[in-house]
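One letter stands for each residue in the lines below.
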Amino acid sequence: MSAFKVYVPRDAAALSVGGDATANAIAAQAAARSIEIDIIRNGSRGLLWLEPLIEIDVAGRRYAYGPVQPRDVASLLDALQKAGAAAPEHPLALGPTEEIPYLKGQQRLTFARVGITDPRSLEDYLAHEGYRGLRAALTLTPAQIVEQVTAAGLRGRGGAAFPAGIKWKTVLGAPGAEKYIVCNADEGDSGTFSDRMVMEGDPFVLIEGMTIAALATGADRGYIYLRWEYPDARAALETAIRAAYAAGFLGADVQGSGRRFDLEVRMGAGAYICGEETSLLESLEGKRGQVRFKPPLPALAGLFGKPTVINNVITFASVPIILDRGAEFYKNFGIGRSRGTLPLQLAGNVKHGGLIEVAFGVSLREILYGYGGGTLSGRPIRAVQVGGPLGAYMPESQFDTPLDYEAFAGIKAMLGHGGIVVFDDTADMAAQARYAMEFCAIESCGKCTPCRIGSTRGVEVIDRIVGGENPAAQEVLLRDLCETMTYGSLCALGGLTPYPVISCLNHFPEDFVKTKSAQASA
């Protein structure tokens, strides 16, 4: 009998709940039973509440079990021995992986391979349609590559949603022989982890996307700016980069094209502000991470003053399938000006936390209840924050809003990087508003007054409102302060901090009014 294939994720989320211990237990128990098992360390499927989620290949079909702890391994292998050519029956059995409802309703384009392949195996990547996008790009001119990305309607997935094709076209047309490709992998927003999951679960797709960007714009060097809190992503990326060099997908002559592209990982030091593109570039140059004045734009004067494409992980990772399948294929997903798919991350007080990838157009309510299953506490959802710590808090009355950049902007909210943090009806929304201002005060680079001073004053004003010190006048002052921050800050940190604050004031005003007894006990 050939060896059983058993998939055990090495994604950081799985490792945090004992993924390595489970893999080691499987190896030890298999050896004790003289069972030949091939353990493949894949990425996570995104069902994080079921990690470690292992899969057993039975006659070419994978069956899921989870969450599997070391104590469960002996009984699972006993069931495997008894099952023969059938799927083992076990209390942790979830059935065929692709039939799990959480996965079955998704449209996985960017995450097509995550959880399926060995992320550190170039051979596995190639066997699952990897590098087909690059091969297609090598048959096109730079302008034709840019046109494909533009026609697909791909917009930056890092938060700003700027059309990627326009940015690439600007860099292509910029004069100069020295140009750069920079990936913003400084994923610092609360409730977000899609970048990490791609880098750990399918690093080659990021490398391929960046290589295509280099071909499209005339760049010959790239950098992945990675947050230092992602050591597992770093290991996966560096392993994949070495394999890509060895196979000629990186280096002096990419696949015999005569084009050079070199790529390396650079580690950030943990500053949230370095998720802002110009602060990131300053840090990458070895300087203090502070926001640059614009203009000039990075597309014209970016890294070391040279034309630079800077996109986030998901943006670059979305490019290969566009070049492989064509712009029309990708554009057929989504609605309005929001084309393609968006990986969404469900976190906070949610029953089924994890990652889903769906086409634009699905409602927030369907995401929260259809995928998320409501709150983990079982209490009603009171609010969700979409788009990271600078996103607005959305009340239940806005849950039918479709997943669409313009629809969210129309209600003073934003999709951002696709992070969704859930709060039940016990949440104190005044405290959340205060946290937004405090977060900004702590993370501000200090370059502009509205952000540096405004956020500090914002904390003080919210404290006075909640403390009952002439709250009506203080609210007027807070709203005025928020307007100053919105229109006077140099970057989105100060400019967007008012979103969560104003949304809490508008939708949850009762939380800013404490009873006299509560004030006395505070």
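Look up: the structure comes first, before these words.
Residues numbered from 1 in each chain as written. Predicted model: local features only at pLDDT ≥ 70, side-chain atom pairs only at ≥ 80, totals over all residues. Heavy atoms only, no water.

What is the right way to read the overall build of the protein from this model?
Within the protein one finds 22 helices and 16 strands. Taken against the 2.2 N^0.38 rule, which gives 24 Å for 522 residues, the C-alpha radius of gyration of the protein at 24 Å falls within 12% of a compact globule. Taken along its principal axes, the extent of the C-alpha atoms in the protein is 80 × 60 × 40 Å. Split into buried and exposed, the 522 residues of the protein put 56% on the buried side. Once local pairs closer than 6 in sequence are excluded, the contacts in the protein between residues at least 24 apart make up 72%. For the protein, the centre of its 50 positive side-chain charges and the centre of its 57 negative side-chain charges are spaced 3 Å apart. (Helix = DSSP H or I, 4+ residues; strand = E, 2+ residues; numbered from the N terminus. Rg over C-alpha atoms; globule rule 2.2 N^0.38 Å. Buried < 20%, exposed > 50% of the residue type's maximum accessible area, 1.4 Å probe, protein only. Contact = heavy atoms within 4.5 Å. Lys, Arg positive; Asp, Glu negative; His and termini not counted. Charge placed at Lys NZ, Arg CZ, Asp CG, Glu CD.)

What should I look at first to understand helix α12 (residues 277-284) in this one?
Note: α-helices contain 3.6 residues per turn, so residues at a spacing of three or four share the same orientation. For α12, the buried fraction is high: seven of the eight residues fall into the buried class. All buried positions along α12 are accounted for by Glu-277, Thr-278, Ser-279, Leu-280, Leu-281, Glu-282 and Leu-284. Where α12 is buried, its residues touch α8 (164-173), β6 (180-185), β7 (221-226), β8 (262-267) and β9 (308-312). Just downstream of α12 lies Gly-286, where phi reads positive at about 90 degrees.

Quick question: what am I supposed to make of the pattern of salt bridges here?
Opposite charge on two side chains lets them pair, provided their charged atoms get close. One pass over the full model with this rule turns up 37 salt bridges. Measuring nitrogen to oxygen at the nearest pair gives 3.0 Å for the salt bridge that ties Lys-294 to Glu-277. Of the two residues, Lys-294 is situated in the loop between α12 and β9 and Glu-277 in helix α12; the sequence distance between them amounts to 17 residues. For the salt bridge of Lys-287 with Glu-285, the shortest nitrogen-to-oxygen distance reads 3.0 Å. If you follow the salt bridges from partner to partner, you end up with Arg-221, Arg-260, Asp-262, Glu-264 and Arg-266 in one network. (Salt bridge = Lys/Arg side-chain N within 4 Å of Asp/Glu carboxyl O.)

Would you mind going over the environment of Ile-367 with me for this structure?
With respect to the element layout, Ile-367 can be found in helix α15 (residues 364-371). A relative accessible area of 1% places Ile-367 in the buried class. The sequence separation of Ile-367 and Asp-400 amounts to 33 residues, and the corresponding C-alpha distance is 10.0 Å. Leave out the neighbours within four places in its chain, and Ile-367 touches Leu-344, Leu-346, Ile-356, Val-362, Gly-372, Leu-403 and Ile-420.

What is the right way to read the sheet that holds β9 from this model?
The pairing of strands in a sheet happens through backbone hydrogen bonds and is either parallel or antiparallel. If you trace the four strands from one edge of the open sheet to the other, you get β8-β7-β6-β9, paired in parallel fashion. The strands lining the two open edges of the sheet, one partner per strand, are β8 and β9. Going from strand to strand, the sheet's axes swing by 20 degrees on average, the running direction of each strand aside. Against the sheet, helix α11 (residues 231-246) contacts β7 and β8, and its axis sits at roughly 165 degrees relative to β8. (Pairing = 2+ DSSP bridges. Axes fitted to C-alpha atoms, helices over the stretch in contact; angles between N-to-C directions.)

What exactly am I supposed to notice about the pairing of strand β14 (residues 381-386) here?
Remember that side chains alternate between the two faces of the sheet whenever the strand is regular. Here β14 lies mainly inside the structure; six of its six residues are buried. Two elements, β14 and strand β15 (residues 393-395), share three bridges in a ladder whose sense is antiparallel. Looking across to β15, one finds that Gln-385 is bridged to Tyr-393. Count of turn residues in the β14/β15 antiparallel hairpin: six residues, of which Gly-387 carries a positive phi of about 100 degrees.

Would you explain α11 in this entry?
The end-to-end C-alpha distance of α11 is 23 Å, a good match for the 22 Å that 16 residues give at a rise of 1.5 Å each. Looking at α11, one finds that the buried residues are Ala-233, Ala-236, Leu-237, Ala-240, Ile-241 and Ala-244. Along the axis of α11, the buried positions cluster into a sector of 130 degrees, meaning they face one direction only. Relative to its buried face, α11 has exposed residues pointing more than 90 degrees away, namely Arg-242 and Ala-246. Taken together, the buried residues of α11 touch α9 (194-201), α10 (203-217), β7 and β8. Note on α11: the residue one or two positions beyond its end, Gly-248, has a positive phi of about 80 degrees. (Expected span 1.5 Å × (residues − 1). Arc of directions from axis to C-beta.)

Can you walk me through the side chain of Thr-497 in this structure?
Among the structural elements, Thr-497 can be located in the loop between α20 (492-496) and α21 (498-507). Exposure remark for Thr-497: the relative accessible area of 0% places this residue in the buried category. In contact with Thr-497, other than residues within four places in its own chain, are Leu-390, Ala-436, Met-437, Cys-440, Met-485 and Ala-492.

What is the right way to look at the environment of Thr-239 in this model?
When you line up the elements, Thr-239 lands in helix α11. Through-space distance from the C-alpha of Thr-239 to that of Tyr-435 is 39 Å; in sequence the pair is 196 residues apart. A polar contact is formed between the side chain of Thr-239 and the backbone oxygen of Ala-235, at a distance of 2.8 Å. (Polar contact = N/O pair within 3.5 Å; in protein donor to acceptor, adjacent residues only side chain to side chain.)

Is there a simple way to think about the sheet that holds strand β13 (residues 354-359) in this case?
Ordered in space as β13-β12-β16-β14-β15, the five strands form an open sheet in which the pairing is mixed. Each having just a single partner strand, β13 and β15 make up the two edges of the open sheet. This sheet shows a mean twist of 30 degrees between the axes of neighbouring strands, independent of strand direction. Here β14 pairs with strand β16 (residues 419-424) via five bridges, running antiparallel. Residue pairing in the sheet places Val-384 in a bridge with Val-422 of β16. Across the sheet, α15 is in contact with β12 (341-348), β13, β14, β15 and β16; its angle to β14 comes to roughly 115 degrees.

Whenever I open this one, the packing of aromatic side chains confuses me. Can you help?
The description of an aromatic ring pair rests on the distance of the ring centres and on the angle between the ring planes. The full count for this structure, using the stated rule, is twelve aromatic pairs. On the numbers, 4.8 Å between centres and 75 degrees between planes, the contact of Tyr-272 with Phe-439 is edge-to-face. On the criterion of sequence distance, the pair formed by Tyr-272 in the loop between β8 and α12 and Phe-439 in helix α17 (residues 429-443) is long-range, its members being 167 residues apart. Using a relative accessible area of 15% as the deciding quantity, one classes Tyr-272 as buried. Among the aromatic residues, ring-to-ring pairing joins Tyr-125, Tyr-131, Phe-204 and Phe-249 into one connected group. (Phe/Tyr/Trp six-rings, centres within 6.5 Å; stacked < 30°, edge-to-face > 60°.)

Explain the pairing of strand β4 (residues 61-65) to me, please; I cannot follow it from the model alone.
Among the five residues in β4, four count as buried, and that is most of the element. Pairing between strand β3 (residues 54-58) and β4: five bridges, direction antiparallel. Note on β4: the bridge partner recorded for Ile-54 is Tyr-65. What sits between β3 and β4 in their antiparallel hairpin is a turn of two residues, with Ala-59 showing a positive phi close to 55 degrees. Two elements, β4 and strand β5 (residues 93-96), share three bridges in a ladder whose sense is antiparallel. Looking across to β5, one finds that Ala-64 is bridged to Gly-95.

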